[in-house]
Amino acid sequence: MDKLFLLIEVASYLFAVYLFVNKKELSIIYLPLLIFSYSVIVPTFSASIYYGLISLLLISCINNNTSFFKNNIFACFIFIYFLILLPKSEDIQAIRPYVFSVLWLFLSIPLITTIYQKYDRDLIFDEISKCALLILSLFVVNVIFSTIYSYAPAEMYGITSGVLYGNLYAANFNILSIAIFITALYLVKTKSMLRIIVLILALSFLLLSMRRSVMLMSCLGIAVVLMSFLAKKEAKKFILFGGILLVVGYFIYSSTNFVDLFQERYELRNLEERELEGEGRFLEYELLYKDMFLYNEYSPWFGFELFNSSGNYGHGIFDLRTLHSDLTNIAHSSGLIGVLFYLLMVITAFVKAWKAKCNTIDKSIILFCVVTFIVFAITGRYTQVDYMILLYLILLIPLTNKNNEVEVLSKLELSQ
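Source: prediction; values computed, not measured.

Q: Before we go on, may I ask you to explain the overall build of the protein in this structure?
A: Secondary structure assignment for the protein yields 16 helices and 0 strands. Here the protein holds 416 residues, and the buried ones make up 56% of them. Considering only contacts in the protein between residues 6 or more positions apart, those separated by 24 or more positions represent 78%. Accessible area of the protein: about 18,700 Å², with a carbon and sulfur share of 65%.

Structural data, given as structure tokens:
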């Protein structure tokens with residue numbers, strides 16, 4: 001596995017250089033891939049190289065779009081607000097990954113809005129679909145090698161045999177449901193056997209992960225795409241795509257131990273005894289309310305401290321368990337001011353997408369993104385920035401240039 005990880009790490013850094021040279025500001029579309037690849041591996045090189053490359057790519061995008069914050073001023077507010085709160089942190093080194101992640105997210109949302117308005121929709125969607133395909137391909141490769149070498153250091157839900165996922169754990173899987181939706185949506189536009197194969201493999205592996213929210217959103221994404229075929233009155237594509245899924249699904253069901261493995265993992269996770277009301281994440285809201293307004297443990301306006309919830313809420317009722325839900329995490333980190341800025345930033349992005357919609361496909365995309373955002377906001381975590389950026393990349397596609405007036409030279413440069 002060490003050789004595979006080194007290969008992925010070197011390839012991702014070389015790819016980042018390629019993006020910087022050839023894709024220019026459209027390199028922002030591939031940030032989720034670069035960030036996800038870092039989740040897959042055990043890094044060999046210094047983390048500063050990783051943080052530096054991602055930050056440099058964003059800075060290069062900003063250089064060509066200096067007024068980007070005007071497209072979402074609340075992203076600017078929360079970006080500055082988090083920087084102001086940062087000196088309050090006792091251990092900045094420990095929270096460094098989360099700080100970089102959320103700052104990248106706050107910069108990316110208005111940047112995507114600004115950049116999209118310059119380019120043709122087909123060009124943007126092609127780039128997003130390539131990014132999604134690469135993410136799913138990397139996931140499939142990781143699963144195959146992790147399974148062959150029995151590599152599962154995280155032992156998610158006690159899974160130590162059969163199909164394994166390597167270093168991927170919990171929210172690392174969130175990005176896959178969005179990548180599956182984008183890849184399936186691309187099949188509405190163009191038939192691609194490669195995409196169908198990768199899509200089916202990724203979905204099959206994902207359904208064995210027992211990540212309920214990701215499994216649900218992946219299936220929803222497929223369903224939305226199938227409905228898109230009917231909305232475009234393309235019954236042939238609906239039958240073809242649906243038929244392929246059924247045939248391959250039956251093959252997997254009848255020719256592999258998928259069902260037995262799924263049943264084994266279902267029982268291992270013991271989902272039937274986990275009542276919704278008993279989930280800790282739904283108690284977080286009550287605990288934070290009492291901390292802030294009844295016990296005055298910390299300021300309700302400014303929160304406790306950035307990304308330091310472990311053991312620091314609810315009088316340690318959950319020991320060192322960190323806050324899971326996005327809103328409680330943000331409230332604990334930055335208080336009600338941070339929650340307000342975050343929600344206004346998100347609402348602004350979704351409203352812009354809704355106002356720019358022009359067909360049924362756009363409505364389907366926005367619907368999927370709304371449901372996905374709500375589900376993952378409940379299950380967490382917004383600091384898993386690869387899926388967050390990919391979500392906004394597909395959500396904001398209605399903002400792309402609808403007049404198809406893009407310079408031929410730009411297209412040629414981007415295709416190199």
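Q: Mind showing me how you'd approach unusual backbone geometry here?
A: Only a minority of non-glycine residues have a phi that is not negative, and only a minority of peptide bonds are not trans. Even without glycine at this site, Asn296 takes up a positive phi of about 55 degrees. In this fold, Asn296 is placed in the loop between helix H12 (280-294) and helix H13 (326-356). Overall, Asn296 belongs to the exposed group, its relative accessible area being 59%. One non-glycine residue with positive phi stands out, namely Phe307, at about 55 degrees.

Q: Please clarify how the packing of helix H2 (residues 31-40) against helix H3 (residues 47-63) should be interpreted in this entry.
A: When two helices pack together, their arrangement is captured by the angle between the axes and the distance separating the axes. Running from N to C, H2 and H3 point in directions that differ by 170 degrees, and their axes come no closer than 11 Å. By the angle between their axes, H2 is roughly antiparallel relative to H3. Residues Leu31, Leu34, Ile35 and Tyr38 of H2 touch H3, and the partners they reach there are Ala47, Tyr50, Ile54, Leu57 and Leu58. Residue composition of the contact of H2 with H3, grouped by class: 9 nonpolar, no polar and no charged.

Q: What should I look at first to understand the pattern of salt bridges in this one?
A: For the structure shown, the criterion picks out 5 salt bridges. Taking the shortest distance from any N to any O, the salt bridge between Asp362 and Arg121 comes out at 2.5 Å. Of this pair, Asp362 sits in helix H14 (residues 360-379) while Arg121 is found in helix H6 (residues 121-148), placing the two residues 241 residues apart along the sequence. Under the relative-accessibility criterion, Asp362 is labelled buried at 0%. Notably, a salt bridge pairs Glu286 with Lys290, separated by 3.1 Å at the nearest N-O pair.

Q: Would you mind going over the nonpolar core with me for this structure?
A: Across soluble globular proteins, you tend to see nonpolar side chains buried next to one another. Residues Phe82, Phe106, Phe139, Tyr342 and Tyr392 are the most contacted members of the largest nonpolar core, which totals 140 residues. Here Phe82 is in contact with Val102, Leu103, Phe106, Leu306, Phe307, Ser334 and Tyr382, once residues within four sequence places are set aside.

Q: What am I meant to see in H3 here?
A: Helical periodicity: at 3.6 residues per turn, an α-helix aligns residues three or four positions apart in one direction. Taking 1.5 Å of rise per residue, 17 residues should cover 24 Å, and H3 covers 24 Å from first to last C-alpha, within 8% of that figure. Within the sequence span of H3, burial applies to Ala47, Tyr50, Tyr51, Leu53, Ile54, Ser55, Leu57, Leu58, Ser60, Cys61 and Ile62. Of the surrounding secondary structure, the elements contacted by the buried residues of H3 are helix H1 (2-23), H2 and helix H5 (92-116).

Q: Explain the side chain of Asp326 here, please?
A: Among the secondary structure elements, Asp326 is positioned in helix H13. Of the side chains with opposite charge, Arg381 lies nearest to the buried Asp326, which makes no salt bridge, at 7.2 Å. At 2.7 Å, the side chain of Asp326 forms a polar contact with the backbone nitrogen of Tyr382. Dropping the residues within four chain positions of it, Asp326 is found in contact with Tyr342, Phe376, Ala377, Gly380, Arg381, Tyr382 and Tyr387.

Q: What am I meant to see in the packing of aromatic side chains here?
A: How two aromatic rings sit relative to each other is set out by the distance from centre to centre and by the angle between their planes. Scanning the model with the defined rule gives 31 aromatic pairs in all. Look at Phe15 and Tyr30: their rings are 5.5 Å apart centre to centre, the planes differ by 80 degrees, and that puts the pair in the edge-to-face class. Here Tyr30 lies in the loop between H1 and H2 and Phe15 lies in helix H1, a separation of 15 residues in the sequence. Ring centres of Phe145 and Tyr149 lie 6.4 Å apart, and the angle between their planes is 15 degrees; this geometry places the pair in the stacked category. Judged by its relative accessible area of 32%, Phe145 falls in the partly exposed class. Each residue in the set Tyr38, Tyr50, Tyr51, Phe100 and Trp104 is aromatic and connected to the rest through ring pairs, giving one cluster. Its guanidinium or amino end placed over the ring of Tyr186, Arg195 lies 4.1 Å from that ring's centre, counting from NZ or CZ.

Q: What should I look at first to understand the confidence of the model for the protein in this one?
A: Low-pLDDT stretches of the model should not have their predicted coordinates read in fine detail. With 85% of its residues at a pLDDT of 70 or more, the protein has an overall mean of 86. Here residues 404-416 is modelled with pLDDT under 50, and outside its nearest four sequence neighbours on either side it reaches 14 contacts, counting other chains as well.

Q: What's the story with the environment of Val385 in this structure? I'm lost.
A: The topology assignment puts Val385 in helix H15 (residues 385-395). Exposure remark for Val385: the relative accessible area of 2% places this residue in the buried category. A C-alpha to C-alpha distance of 9.5 Å links Val385 and Asn172, two positions 213 residues apart in sequence. Setting aside its immediate chain neighbours within four residues, Val385 contacts Ile35, Ser101, Trp104 and Leu105.

Q: Looking at this model, I keep getting lost on the packing of H6 against helix H8 (residues 193-207). Mind explaining?
A: Interaxial distance between H6 and H8 falls to 9 Å at its minimum, and their mutual angle equals 50 degrees. The angle between the axes of H6 and H8 places the two elements in the oblique class. Between H6 and H8 lies a crossing of left-handed hand. When H6 is examined against H8, the residues Ser129, Lys130, Leu133, Leu136, Ser137, Phe139, Val140, Val143 and Ile144 are found in contact with a partner set consisting of Leu194, Arg195, Val198, Leu201, Ala202, Phe205 and Leu206.

Q: Where do I start with a nonpolar patch on the surface in this structure?
A: There is a patch of nonpolar side chains on the surface, built from Tyr289, Phe293, Leu294, Tyr295, Trp301, Phe302 and Leu336 and spanning about 740 Å² of accessible area. Per element, the largest residue contribution to the nonpolar patch is 3 residues, and it comes from H12. For Phe293, the position within the fold is in helix H12.

Calculation rules
- Residues numbered from 1 in each chain as written.
- Predicted model: local features only at pLDDT ≥ 70, side-chain atom pairs only at ≥ 80, totals over all residues.
- Heavy atoms only, no water.
- Helix = DSSP H or I, 4+ residues; strand = E, 2+ residues; numbered from the N terminus.
- Buried < 20%, exposed > 50% of the residue type's maximum accessible area, 1.4 Å probe, protein only.
- Contact = heavy atoms within 4.5 Å.
- Areas by Shrake-Rupley, 256 points an atom, 1.4 Å probe, with all protein chains shown as cover.
- Axes fitted to C-alpha atoms, helices over the stretch in contact; angles between N-to-C directions.
- Parallel < 35°, antiparallel > 145°, perpendicular 65-115°, else oblique.
- Nonpolar A, V, L, I, M, F, W, Y, C, P; charged D, E, K, R; others polar.
- Salt bridge = Lys/Arg side-chain N within 4 Å of Asp/Glu carboxyl O.
- Core = buried A, V, L, I, M, F, W, Y, C linked by side-chain atoms within 4.5 Å.
- Expected span 1.5 Å × (residues − 1).
- Lys, Arg positive; Asp, Glu negative; His and termini not counted.
- Polar contact = N/O pair within 3.5 Å; in protein donor to acceptor, adjacent residues only side chain to side chain.
- Phe/Tyr/Trp six-rings, centres within 6.5 Å; stacked < 30°, edge-to-face > 60°.
- Lys NZ or Arg CZ within 6 Å of the ring centre and 35° of its normal.
- pLDDT = per-residue confidence, 0-100.
- Left-handed = near helix turned anticlockwise from the far one by under 90°.
- Patch = residues over 30% accessible without salt bridge, like charges linked within 9 Å, V, L, I, M, F, W, Y side chains within 5 Å.

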